[in-house]
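# Working through the structure, step by step
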Amino acid sequence: NGGIHEDSLNIINSKGQINNVIINNSFQDSIDFDFSVLDINNIEVNNAGNDCIDLSSGKYNIKSLTVNNCADKGISVGEASISKISYVDISNVGVGVASKDSSIIKIGGGIINGYNTCFAIYRKKQEFIGSIIEVEDKICPKKDILVQKNSSYILK
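Conventions used here
- Residues numbered from 1 in each chain as written.
- Predicted model: local features only at pLDDT ≥ 70, side-chain atom pairs only at ≥ 80, totals over all residues.
- Heavy atoms only, no water.
- Helix = DSSP H or I, 4+ residues; strand = E, 2+ residues; numbered from the N terminus.
- Phe/Tyr/Trp six-rings, centres within 6.5 Å; stacked < 30°, edge-to-face > 60°.
- Buried < 20%, exposed > 50% of the residue type's maximum accessible area, 1.4 Å probe, protein only.

### A few points about unusual backbone geometry
At F35, a residue that is not glycine, the phi angle is positive and equals roughly 50°. Secondary-structure assignment places F35 in the loop between β3 (29-34) and β4 (37-48). One non-glycine residue with positive phi stands out, namely N92, at about 60°. Topologically, N92 is positioned in strand β7 (residues 82-100).

Shown next as structure tokens:
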């Protein structure tokens, strides 16, 4: 609670399982996972000064994700990450879910509300290509989805 650094929780170069993460009132990013392979049962984040969750260069499997009041992104996945999230509950964010720089996010279902952009799928860094968001349920209206050239939104 009340993280004052750039990341309240930063896990780097790790492999394993996490049962429950609850973070409140972060100065910047609440959670930052880099170069890791993680299975997470539940994540809850409230009030982040930047991204609620930032996943980079790894493989991440999350069963349940609840985030509220993220100044930037609810969840940001980048740098060739592969992420699977069974259920999302995202509210009061700039961008609900961002997939960038050769990343793939698969989302089972959930709700996203109170956003400027629901999904953003794009390339940010030149050394990567576009990205993918694949969802099993229609979570976002098509008009609220930003898809850059060479990126894909897939509704199954």
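### Observations regarding the packing of aromatic side chains
Counted by the stated rule, this structure contains two aromatic pairs. Look at F33 and Y60: their rings are 6.1 Å apart centre to centre, the planes differ by 25°, and that puts the pair in the stacked class. Taken together, the residues F33 in strand β3 and Y60 in strand β6 (residues 59-78) connect sequence positions 27 residues apart. When sorted by exposure, F33 lands in the same class as Y60, which is buried.

The values are spatial; any link to function lies outside them.
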